[in-house]
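Here are the chains, one letter per residue:
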Amino acid sequence: MKKIHPESQYLNLLKDIFKNGSDKPLFLTPEVQKQYKDKGEELPYIRSVFGRQIRFDMSEGFPLLTTKKVFWRGIAVELLWFLFGDSNIKYLVDNNVHIWDEWAWKKYHKWALNNDPKKDMSQDEFIAKLKSMSATSTFVKKWGDLTTIYGRMWRRWPASDGREIDQLGWVIKGLKEDPYRKSYVVSAWNPDFIYDMASEGNKNEVPPFCHTTFQFAVTEDNKLNLGLYQRSADSFLGVPFNIASYALLLEMAAQITGLKPGEFVHTFGDVHIYSNHFKQAREQLKRKPYPFPKLKLNPKIKNIDKFSMEDIKLVNYKSHPRIQADIVNVGGYVEKKNKK
């Protein structure tokens, strides 16, 4: 019997969405709606299903999708940024990774329009300014900071008594000292930073955390497994990143705890395809997967805070060509006026 390629799970998920999904409207801020109208384009919507799961045995290769070329360097740089506990996009910009550019610019753009239109600038101009300035400059510290981002919640969760809690550090310490406990959970979902629930100073343009919670669990033969719950998943652009990012985190955590990489289990809430990605997703479904690549980490690294790009190597990655698609800038905070 021919073995099914593990990437087929992802391709079958796309097929499932096309066949069984419900079409739903998106929440788009007035600024984003205007961008589509100015281009003469219809507002995008999503086709989604709810409650799905895929899983990858790390012994079968590193799950970086091969039916299209995936931006591996961006995945690794972004994960390191998370691990630093950083919330300012300056590190990403300096490393030419622009995944989060639009969220920071949108916050500045909205402020400029409402307060000083002469200071408004395009997204490209805004990012160029961030890159040209020192990380300690007032402009970068204010406008490059997303405030609410995964790394901050993983490594610097703001406690009610003023402390910053290193959730991931606590988990790794526990895996080393008492690996079979069931409580090794890291949560990014913090209501104090989410829309109408947020405190005044925490209201932000960045949407609520999509990959909300992950858990490590050790099973027989000292295998370290990682389970992710993702409340909202952009299956064409985002999910390939998420799979590889958490698989990389699993490999890193296994190395520094002296455990063996087991399975990455990816559980979805609302998993969807954007309407302006339909054509691209159907193109990807015509392709057959290549064997997964291998991941090599510098074996000398025994501390989660010590990894750098030089310590992370991808070997034998063969893929089909990249498929271009635009990111849909959903979400954002809209102040609701009190009715008199």
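Look up a bit, the structure's there.
The structure displayed is predicted, hence computed values, not measured ones. Starting from 1, residues in each chain are numbered consecutively following that chain's sequence as written. Predicted model: local features are reported for residues with pLDDT of at least 70 only, side-chain atom pairs are reported and counted for 80 or more only, and whole-chain, interface and lining totals are derived from all residues. To get the side-chain values, take all heavy atoms of the structure and skip hydrogens and water.

1. Digging into the environment of Y10
Turning to step 1, where the next piece is worked out: In DSSP terms, a helix is any run of H or I states spanning at least four residues, a strand is any run of E spanning at least two, and both are numbered starting from the N terminus. Summarising the element assignment, Y10 is placed in helix α1 (residues 8-20).
Turning to step 2, where the next piece is worked out: Sequence-wise, Y10 and R55 are 45 residues apart; in three dimensions their C-alpha atoms are separated by 9.5 Å.
Turning to step 3, where the next piece is worked out: In this view, Y10 contacts L65, S235, F236, V239, P240, I243 and Q284; residues no more than four positions away in its chain are not counted.
Turning to step 4, where the next piece is worked out: A polar contact of 2.6 Å, which involves the side chain of Y10, links it to the backbone oxygen of S235. We call two residues contacting when some pair of their heavy atoms lies within 4.5 Å. Between N or O atoms, a polar contact is any pair within 3.5 Å; within protein, one atom must be a potential hydrogen donor and the other a potential acceptor, and residues adjacent in sequence are included only when both atoms are from side chains.

2. Section: the pairing of strand β2 (residues 45-57)
Turning to step 1, where the next piece is worked out: Between any two strands, at least two bridges found by DSSP are needed for them to pair. Summarising the sheet, strand β1 (residues 22-25) and β2 pair through four bridges and their orientation is antiparallel. Counted as the bridge partner of K24 is I46 from β2.
Turning to step 2, where the next piece is worked out: Looking at chain direction, β2 and strand β8 (residues 260-274) are connected through eleven bridges and run antiparallel. Following the sheet pairing, R52 is matched in β8 by F268.

3. As for the nonpolar core
Turning to step 1, where the next piece is worked out: What is meant by a nonpolar core is a set of buried Ala, Val, Leu, Ile, Met, Phe, Trp, Tyr and Cys residues, joined one to another through side-chain atoms within 4.5 Å. Each residue gets one of three labels from its accessible area relative to the maximum for its type: buried under 20%, exposed over 50%, partly exposed in between, using a 1.4 Å probe on protein chains only. In this structure, W100, F126, W154, F214, F216, L248 and M252 are the most contacted members of the largest nonpolar core, which totals 93 residues.
Turning to step 2, where the next piece is worked out: Tallying contributions element by element places helix α10 (residues 238-257) first for this core, with 13 residues.
Turning to step 3, where the next piece is worked out: Excluding residues within four positions of it along the chain, F216 makes contact with L168, V171, L175, Y184, L224, N225, L226, L249, L250 and A253.
Turning to step 4, where the next piece is worked out: The next biggest cluster of nonpolar side chains, apart from the first, holds seven residues, and it includes Y36, I46, Y274 and V330.

4. Comments concerning helix α9 (residues 167-177)
Turning to step 1, where the next piece is worked out: Regarding α9, the residues found buried are Q167, L168, V171, I172, G174 and L175. Along α9, the residues classed as buried sweep out an arc of 160 degrees about the axis, all on the same side. Starting at the helix axis, one direction is taken to each C-beta atom, and the arc is that of these directions.

5. Regarding the pairing of strand β6 (residues 211-219)
The two faces of the sheet receive side chains in turn, since in a regular strand these alternate between them.
Turning to step 1, where the next piece is worked out: Both strand β5 (residues 185-187) and β6 contribute to a ladder of three bridges, which runs antiparallel. Looking at β6, one finds that S187 is bridged to T213.
Turning to step 2, where the next piece is worked out: Where β6 meets strand β7 (residues 223-234), eight bridges bridge the pair, whose relative direction is antiparallel. Opposite T213, over in β7, you have Y229 as the bridge partner.

6. As for the pattern of salt bridges
Turning to step 1, where the next piece is worked out: Counted as salt bridges are all cases of a side-chain nitrogen of Lys or Arg within 4 Å of a carboxyl oxygen of Asp or Glu. Tallying each qualifying case throughout the model produces 16 salt bridges.
Turning to step 2, where the next piece is worked out: Put simply, E177 and K173 hold a salt bridge, and the shortest N to O gap is 3.1 Å. One end of the pair is E177 and the other is K173, both in helix α9 and four residues apart, which spans about a single turn.
Turning to step 3, where the next piece is worked out: By relative accessible area, which is 56% here, E177 ends up exposed.
Turning to step 4, where the next piece is worked out: Taken together, the shared-partner salt bridges connect R155, D166 and D305 into one network.

Shape descriptors only; they carry no functional weight alone.
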